[in-house]
Amino acid sequence: QLADRQEKSFWLDSTPGHVFSLQTIAKAFPDAKIIHMVRDGRAVSASLRKLGWVGMRASDPEAAIQYSALKWQRSIEAFERCAPSVSGQAMTVRYEDVVRTPDRVMEAVTAFIGLKPFDFQTALERRDRHEPTGDAVVSSNTAFEALGDGLSEVPIHRWRETLSEKEIRLVETAVGETLASLGYAPISEGRLSALDSVRARSRSVMFNAKDIVRSVLPLRRLHSTPLEIARH
């Protein structure tokens with residue numbers, strides 16, 4: 001109905017949390033197409049901390065960056081768990097590829113979705129000239145400073161400047177195996193101190209425990225949507 005009202009053929013929702021409910025969504029919408037966007041967990045962690053979406057209360061920046069990394073990892077794991085059951089409906093793309101080779105990625109995405117091919121660069125130019133267009137092209141969306149119109153590679157490497165050496169080491173220690181499995185090579189050298197290692201392990205235990213508690217408490221149903229409840 002939303003699409004028909006705007007004389008469109010497709011309806012799109014980009015809520016990140018839907019990754020925890022893909023099987024429910026696929027069952028409710030058997031013709032749905034799922035685009036799974038993968039991005040470097042270190043960049044995602046920097047953005048999540050900047051926005052305050054870390055998944056746990058944390059006044060300490062180091063704790064916040066680790067919680068953000070664990071939240072990113074949980075999303076990756078959620079997709080991997082249900083990927084076999086939605087394999088025919090899902091396509092994975094990398095954020096870095098979207099930025100660096102948008103034409104190639106958009107060609108593959110539109111073909112997968114079932115859209116007619118269109119000139120992505122022309123769509124961008126029309127947007128920059130503020131010409132009305134039905135193409136789904138939007139302005140920059142960033143947790144950091146505005147980058148202006150168009151695509152930029154700045155967000156790909158910004159985490160190297162945003163995060164301290166110790167914070168990078170914390171992230172890579174917490175979710176290093178997941179980063180490596182996705183092709184994101186670690187850059188930190190050395191190990192955390194004994195005290196920092198204990199703190200990091202404690203944070204991981206607390207983060208996992210909170211998620212388990214939230215999943216079993218009846219009170220969760222009072223402030224959750226049906227899709228969030230379906231995750232459990």
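Residues numbered from 1 in each chain as written. Predicted model: local features only at pLDDT ≥ 70, side-chain atom pairs only at ≥ 80, totals over all residues. Heavy atoms only, no water.

Student: Residue-level account of a negative patch on the surface, with values.
Tutor: Residues Asp-103, Glu-107, Asp-119 and Glu-125 make up a contiguous surface patch of negative charge. Accessibility expressed as a relative area gives 58% for Glu-107, which makes it exposed. (Patch = residues over 30% accessible without salt bridge, like charges linked within 9 Å, V, L, I, M, F, W, Y side chains within 5 Å. Areas by Shrake-Rupley, 256 points an atom, 1.4 Å probe, with all protein chains shown as cover. Salt bridge = Lys/Arg side-chain N within 4 Å of Asp/Glu carboxyl O. Lys, Arg positive; Asp, Glu negative; His and termini not counted. Charge placed at Lys NZ, Arg CZ, Asp CG, Glu CD. Buried < 20%, exposed > 50% of the residue type's maximum accessible area, 1.4 Å probe, protein only.)

Student: Which residues make up a nonpolar patch on the surface, and what values do they have?
Tutor: Taken together, the side chains of Leu-2, Trp-11 and Phe-29 define a hydrophobic patch exposed on the protein surface, amounting to about 350 Å² of accessible area. Locating Trp-11 in the fold gives a position in the loop between helix 1 (2–5) and helix 2 (22–28). Accessibility expressed as a relative area gives 53% for Trp-11, which makes it exposed. (Helix = DSSP H or I, 4+ residues; strand = E, 2+ residues; numbered from the N terminus.)

Student: So what about the confidence of the model for the protein? Which residues, and what values?
Tutor: Averaged over all residues, the pLDDT of the protein equals 84, while 82% of them reach at least 70. Confidence over residues 226–232 falls short of pLDDT 50; this stretch has 16 contacts with residues more than four positions distant or in other chains. (pLDDT = per-residue confidence, 0-100. Contact = heavy atoms within 4.5 Å.)

Student: Tell me about the nonpolar core, residues and numbers included.
Tutor: By size, the foremost hydrophobic cluster in this structure holds 28 residues, and its most contacted members are Tyr-67, Trp-72, Trp-159, Leu-163, Val-175 and Leu-182. Put simply, the parts of the chain that give this core at least two residues each are helix 3 (41–51), helix 4 (61–82), helix 10 (165–181) and helix 11 (194–216). Looking at this core element by element, the count peaks at 8 residues for helix 4. If sequence neighbours within four positions are ignored, Trp-72 has contacts with Arg-39, Asp-40, Gly-41, Val-44, Val-175, Thr-178, Leu-179 and Leu-182. (Core = buried A, V, L, I, M, F, W, Y, C linked by side-chain atoms within 4.5 Å.)

Student: Any details on the environment of Leu-192? Residues and values, ideally.
Tutor: For Leu-192, the position within the fold is in the loop between helix 10 and helix 11. When the C-alpha atoms of Leu-192 and Leu-170 are compared, they prove to be 7.5 Å apart, with 22 residues separating the residues in sequence.

Student: How would you explain a positive patch on the surface if you had to name every residue and give the values?
Tutor: On the surface, Arg-57, Lys-71, Lys-210 and Arg-214 cluster together into a patch of positive charge. Mapping Lys-71 onto the fold places it in helix 4.

Student: Go over helix 4 with me, naming the residues and quoting the values.
Tutor: End to end, helix 4 covers 32 Å across 22 residues, agreeing with the expected 32 Å (1.5 Å per residue, within 8%). For helix 4, the tally of buried residues reaches 16 of 22 residues, placing the bulk of the element in the interior. (Expected span 1.5 Å × (residues − 1).)

Student: So what's going on with the pattern of salt bridges? Which residues, and what values?
Tutor: Scanning the entire structure with this criterion turns up 9 salt bridges. The partner of Asp-40 in a salt bridge is Arg-42, with the nearest N and O atoms 2.8 Å apart. The exposure class assigned to Asp-40 is buried, which follows from its relative accessible area of 5%. With a shortest N-O distance of 3.1 Å, Asp-196 and Lys-166 are connected by a salt bridge. Within this pair, whereas Asp-196 is found in helix 11, its partner Lys-166 is found in helix 10, the two being separated by 30 residues in sequence. On the accessibility criterion, Asp-196 (11% relative accessible area) is buried. If you follow the salt bridges from partner to partner, you end up with Glu-62, Lys-166, Asp-196 and Arg-199 in one network.

Student: A description of the packing of aromatic side chains should follow, citing residues and the corresponding values.
Tutor: For any two aromatic rings, the description comes down to two numbers: the centre-to-centre distance and the angle of the planes. On inspection of all chains with the given rule, the structure shows 1 aromatic pair. Ring plane angle 20° and centroid distance 6.1 Å describe the contact between Tyr-67 and Phe-207, whose orientation is recorded as stacked. Note that Tyr-67 is positioned in helix 4 and Phe-207 in helix 11, a separation of 140 residues in sequence. Across the pair, Phe-207 and Tyr-67 agree in class, each one buried. Seen from the ring of Tyr-95, Arg-39 lies directly overhead, with NZ or CZ sitting 4.1 Å from the centre. (Phe/Tyr/Trp six-rings, centres within 6.5 Å; stacked < 30°, edge-to-face > 60°. Lys NZ or Arg CZ within 6 Å of the ring centre and 35° of its normal.)

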